Amino acid sequence: MVTGRVCVSISAKAMSITGIEDRRYWNWIPTEESRFNIAAYLQQIWWFEVDGLVEFPFPADIYTLSFRIHLGKFSKRLGRRVCNFEHTHGWDIKPVRFALSTSSGQKACVECLVDDCTKDKITGNHKRGYWIEYKVGEFIVSASDPATEVRFSMKQIDCTHSKDGIYVDSVSIIPSNLKKSNPKNMLRSLRF
């Protein structure tokens, strides 16, 4: 399906991640499951903060911004994918705050427990052990000139408990009605 519309994916490598330079907290894990063949994996941290920024001349449209994350450390054993949750905790205590803002003053924010037992609305999968797209919100672009600046973040900065066992892969920005019409549609995207 060719739409001629713009979709953007931003790698975790292009984001500012608190503690990413310290291997005690984070590791870069090569994986075919990532949109960019590498994802950031959290070993353990108290202050969880991921921030990003993209400036692009998006064509006029309504866009949805989502984070792609995975709970649990996965690997392959005997050719099969397995997921270990032994070191996955802290995500069911306090909600994670996802936010976006644009250069035109639009804002969206949503808080949710990343590790709850409900099924994902889009895929129908339980959240542990699967890549899940967490929708942050929508923004409207009325003209591609000037370029739109979009800031986005994912934070859980309550230092009363540690957090670990999560992959951060990417952020996607796609036209909203494409996601609604076919959530599993594979779209060509610009990658940053």
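In this report, we go over the structure that sits alongside the text. Keep in mind it's a predicted model, so treat the numbers as computed, not measured. (Residues numbered from 1 in each chain as written. Predicted model: local features only at pLDDT ≥ 70, side-chain atom pairs only at ≥ 80, totals over all residues. Heavy atoms only, no water.)

Section: the pairing of strand 4 (residues 38-42)
Part 1 of the argument: Of all five residues making up strand 4, five are buried, and the element is well covered by its neighbours.
Part 2 of the argument: Here strand 4 shows two buried faces, one formed by Ile-38, Ala-40 and Leu-42 and the other by Ala-39 and Tyr-41.
Part 3 of the argument: Across five bridges, strand 3 (residues 26-30) lies against strand 4 in antiparallel orientation. Pairing of Trp-28 across the sheet is with Ala-40, part of strand 4.
Part 4 of the argument: In terms of strand pairing, strand 4 meets strand 13 (residues 166-175) through three bridges, oriented antiparallel. (Buried < 20%, exposed > 50% of the residue type's maximum accessible area, 1.4 Å probe, protein only. Helix = DSSP H or I, 4+ residues; strand = E, 2+ residues; numbered from the N terminus. Pairing = 2+ DSSP bridges.)

Overview of the environment of Trp-26
Part 1 of the argument: Along the chain, the position of Trp-26 falls in strand 3.
Part 2 of the argument: The class for Trp-26 is buried, based on a relative accessible area of 1%.
Part 3 of the argument: As for Trp-26 and Asp-164, which are separated by 138 residues in sequence, their C-alpha atoms are 9.3 Å apart.
Part 4 of the argument: Those residues in contact with Trp-26, other than ones at most four positions away along the chain, are Ile-17, Thr-18, Gly-19, Ile-20, Ala-40, Tyr-41, Leu-42, Gln-43, Ile-45, Phe-48, Ile-166 and Val-168. (Contact = heavy atoms within 4.5 Å.)

Considerations on the side chain of Asp-115
Part 1 of the argument: In this fold, Asp-115 is placed in the loop between strand 10 (107-112) and strand 11 (131-141).
Part 2 of the argument: Aside from chain neighbours lying at most four places away, what touches Asp-115 is Leu-71, Trp-91, Asp-92 and Arg-128.

Things to note about the side chain of Glu-49
Part 1 of the argument: With respect to the helices and strands, the residue Glu-49 is situated in strand 5 (residues 48-56).
Part 2 of the argument: Overall, Glu-49 belongs to the buried group, its relative accessible area being 16%.
Part 3 of the argument: A polar contact is formed between the side chain of Glu-49 and the side chain of Trp-47, at a distance of 2.7 Å.
Part 4 of the argument: One polar contact links Glu-49 to Lys-155, side chain to side chain, over a distance of 3.2 Å.
Part 5 of the argument: Not counting residues within four places of it along the chain, the set of residues in contact with Glu-49 comprises Ser-16, Ile-17, Thr-18, Met-154 and Lys-155. (Polar contact = N/O pair within 3.5 Å; in protein donor to acceptor, adjacent residues only side chain to side chain.)

Side note on a nonpolar patch on the surface
Part 1 of the argument: Taken together, the side chains of Trp-46, Trp-47 and Ile-157 present a nonpolar region at the surface, about 310 Å² in accessible area.
Part 2 of the argument: Position of Trp-46 relative to the elements: it lies in the loop between strand 4 and strand 5. (Patch = residues over 30% accessible without salt bridge, like charges linked within 9 Å, V, L, I, M, F, W, Y side chains within 5 Å. Areas by Shrake-Rupley, 256 points an atom, 1.4 Å probe, with all protein chains shown as cover. Salt bridge = Lys/Arg side-chain N within 4 Å of Asp/Glu carboxyl O.)

Digging into the packing of aromatic side chains
Part 1 of the argument: Scanning the model with the defined rule gives 13 aromatic pairs in all.
Part 2 of the argument: Ring geometry for Phe-98 and Tyr-134: centres 5.4 Å apart, planes at 10°, overall stacked. On the criterion of sequence distance, the pair formed by Phe-98 in strand 9 (residues 96-102) and Tyr-134 in strand 11 is long-range, its members being 36 residues apart. There is no split in this pair, since Phe-98 and Tyr-134 are both buried.
Part 3 of the argument: One cation-aromatic arrangement involves Lys-13 over Trp-28; the distance from NZ or CZ to the ring centre is 4.5 Å. (Phe/Tyr/Trp six-rings, centres within 6.5 Å; stacked < 30°, edge-to-face > 60°. Lys NZ or Arg CZ within 6 Å of the ring centre and 35° of its normal.)

Some points on the sheet that holds strand 2 (residues 16-17)
Part 1 of the argument: Read from one edge to the other, the open sheet built from five strands follows the order 2-5-12-9-10, with strand pairing classed as antiparallel. Of all the strands in the sheet, the pair left with one neighbour each is strand 2 and strand 10.
Part 2 of the argument: Sheet topology note: the strand 5/strand 12 (residues 148-156) ladder contains nine bridges and is antiparallel. Bridge pairing links Phe-56 to Thr-148 in strand 12.

Observations concerning the pattern of salt bridges
Part 1 of the argument: Here the structure, examined in full by the defined rule, presents 10 salt bridges.
Part 2 of the argument: Linking Arg-68 and Asp-169 is a salt bridge whose minimum nitrogen-to-oxygen distance equals 2.7 Å. Here Arg-68, found in strand 6 (residues 61-71), pairs with Asp-169, found in strand 13; they are 101 residues apart in sequence, far enough to count as distant. Taken as a pair, Arg-68 and Asp-169 share a single burial class, namely buried.
Part 3 of the argument: Between Asp-158 and Lys-94 there is a salt bridge, and its shortest N-O distance comes to 3.0 Å. Placement of the pair is Asp-158 in the loop between strand 12 and strand 13 and Lys-94 in the loop between strand 8 (80-84) and strand 9, with a sequence separation of 64 residues.
Part 4 of the argument: Residues joined in a network through salt bridges with shared partners are Glu-49, Asp-51 and Lys-155.

The analysis is restricted to geometry; functional conclusions fall outside its scope.
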